[in-house]
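# Understanding the architecture of this molecule
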Amino acid sequence: MEDLVTILKELGKKRILITGHTGFKGSWLTEWLLKYGSDVVGIALEPEVAPSHFDQLNLRKRIHHYVVDVRDAARLNEVFVRHRPQVVFHLAAQALVRRSYRDPKETFDINVGGGVNVLEAVRHCQSVESLVFVTSDKCYLNKELARGYTEHDELGGIDPYSASKASAELLFATYNSSYFAERKGFAAASARAGNVVGGGDWSEDRIVPDCMRSLINSSPISLRRPQATRPWQHVLEPLSGYITLAGRLLSDPTTARGSWNFGPSENSVHSVLDVVNACINSWGSSIPVEIHKSDVHEAGLLQLNCDKAKKELGWVPRWDFGRTILETTEWYKHTSNGQPVNRTTADQITRYEESKVD
């Protein structure tokens with residue numbers, strides 16, 4: 001199987017368009033691709049939070065940065081026509097479950113309507129050679145199974161966010177079958193990742209950013225569902241999967257089309273309370289933990305089976321739960337103590353690349 005750095009070097013020769021590059025995952029992906037010389041075009045809204053990892057890395061001055069809403073098909077197409085990208089990573093999304101309850105129409109407009117616009121832009125842009133269309137592990141109809149969901153399991157969702165991601169997967173499958181399957185010199189795949197943590201995430205209603213804010217400010221941390229379990233992984237894990245997938249779509253498209261799960265080993269699933277306790281222990285100080293009843297439905301048990309990616313792409317997680325929490329906590333600790341964000345982020349990328357693969 002191709003080495004991750006080898007794939008990154010190949011992508012360094014490409015014009016790459018990323019939607020959602022101002023977000024948490026998008027900013028890490030942009031920084032990683034820039035390390036290897038990729039010509040990056042970004043389409044996204046301005047960051048919703050301050051500080052933002054995107055601004056801390058000064059990415060707006062280092063790439064072709066466009067403030068464009070993916071719901072605006074005309075402007076989206078203008079950027080595609082202007083830059084003629086060769087590789088597209090679609091990450092732009094409304095990604096918060098509780099926000100989807102507050103504004104379901106916005107969630108569907110962005111995750112479904114915006115997804116259609118990206119697929120249409122790719123369909124009409126003949127320069128595109130590969131598309132990685134990112135959705136979520138929550139696209140699966142959650143039946144609280146003890147096993148991990150595979151790519152063949154039923155799609156669906158009770159909450160608006162999950163339903164929007166299941167719908168996005170159906171959209172992708174339709175375009176893949178109707179327009180992309182026979183297109184020469186092009187291949188596309190969708191990617192489904194578990195709960196992502198890591199430095200630079202300051203979003204609302206996410207357990208690790210909430211925990212880091214509490215640790216930095218020595219204030220109580222509030223938990224809604226402490227026993228809920230998720231497939232926690234460092235942000236570099238799924239991104240390495242997306243990168244590996246993009247490389248395979250370019251080099252051997254027949255083996256890369258379809259849908260792919262990227263998550264930790266099934267025996268690495270942990271509860272929300274496990275995450276909080278690990279963060280507190282790693283930080284080295286104590287804060288009060290308060291339990292509050294959730295007022296919306298959220299899944300209790302969710303995990304992924306990633307055997308397909310391991311066997312067919314040669315992708316495997318590099319950092320276990322302990323290493324994930326350690327690296328995440330260290331990022332916030334170092335940057336809150338004044339270490340430059342760009343150095344802290346670059347150091348973690350290098351450590352990840354150098355980590356042994358079992």
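Details of the structure are given in the entry above.
As the structure is a prediction and not an experimental result, all values here were calculated from the model.

## What about the pattern of salt bridges?
- With the rule as written, the count across this model stands at 20 salt bridges.
- Glu 169 serves as the salt-bridge partner of Arg 192, at 2.8 Å between the closest nitrogen and oxygen. In this pair, Arg 192 sits in strand E6 (residues 187-193) while Glu 169 sits in helix H7 (residues 160-180), placing the two residues 23 residues apart along the sequence.
- Judged by its relative accessible area of 4%, Arg 192 is buried.
- Given the relative accessible area of 2%, Glu 169 is considered buried.
- Ionic pairing is found between Asp 210 and Arg 213, a salt bridge with its closest N-O pair at 2.7 Å.

## What to know about the layout of surface pockets
- Here the second largest pocket is characterised by a volume of approximately 200 Å³.
- Every residue lining the second largest pocket is counted, 13 residues in all, and those nearest its centre are Ser 265, Pro 317, Arg 318, Trp 319 and Asp 320.
- Broken down by class, the residue content of the lining of the second largest pocket amounts to 7 nonpolar, 2 polar and 4 charged.

## Side note on the nonpolar core
- With 75 residues, the main nonpolar core has Trp 32, Phe 89 and Leu 245 as its most contacted residues.
- In terms of residue count, helix H9 (residues 236-251) provides more of this core than any other element does, 7 residues in total.
- Beyond its immediate stretch of four places on either side in the chain, Leu 245 contacts Val 132, Ala 189, Ser 190, Ala 191, Ala 256, Trp 260, Phe 262 and Leu 313.
- Core analysis: the next-biggest nonpolar cluster, separate from the first, contains 28 residues, Val 79, Val 112, Ala 121 and Leu 171 among them.

## Here we look at helix H12 (residues 321-336)
- A rise of 1.5 Å per residue sets the reference length of H12, with its 16 residues, at 22 Å; its end C-alpha atoms lie 23 Å apart and thus fit the reference within 8%.
- Regarding H12, the residues found buried are Phe 321, Thr 324, Ile 325, Glu 327, Thr 328, Thr 329, Trp 331, Tyr 332 and Thr 335.
- The N-cap residue of H12 is Asp 320: its side-chain oxygen and the backbone nitrogen of Gly 322 are 3.3 Å apart.

## What about the pairing of strand E5 (residues 130-134)?
- The element E5 is extensively covered by neighbouring structure, given that 5 of its 5 residues are classed as buried.
- Of the two faces of E5, the one holding Ser 130, Val 132 and Val 134 and the one holding Leu 131 and Phe 133 are both buried throughout.
- In this structure, strand E4 (residues 87-90) lies alongside E5, joined through 4 bridges in parallel fashion. The partner of Val 88 across the bridge, within E5, is Leu 131.
- Relative to E6, E5 is paired through 5 bridges, and the arrangement is parallel. By the bridge assignment for E6, Leu 131 is matched with Ala 188.
- Viewed along the sheet, the connection from E5 through H7 into E6 turns out right-handed.

Rules used throughout
Residues numbered from 1 in each chain as written. Predicted model: local features only at pLDDT ≥ 70, side-chain atom pairs only at ≥ 80, totals over all residues. Heavy atoms only, no water. Salt bridge = Lys/Arg side-chain N within 4 Å of Asp/Glu carboxyl O. Helix = DSSP H or I, 4+ residues; strand = E, 2+ residues; numbered from the N terminus. Buried < 20%, exposed > 50% of the residue type's maximum accessible area, 1.4 Å probe, protein only. 1 Å grid on protein atoms, 1.4 Å probe; cavity = no way out; pocket = protein on both sides within 12 Å on 5 of 7 lines; lining within 4 Å. Points joined across faces, edges and corners; volume = space filled by probe spheres on them. Nonpolar A, V, L, I, M, F, W, Y, C, P; charged D, E, K, R; others polar. Core = buried A, V, L, I, M, F, W, Y, C linked by side-chain atoms within 4.5 Å. Contact = heavy atoms within 4.5 Å. Expected span 1.5 Å × (residues − 1). Polar contact = N/O pair within 3.5 Å; in protein donor to acceptor, adjacent residues only side chain to side chain. Pairing = 2+ DSSP bridges. Right-handed = clockwise from strand over helix to strand, strands pointing away.

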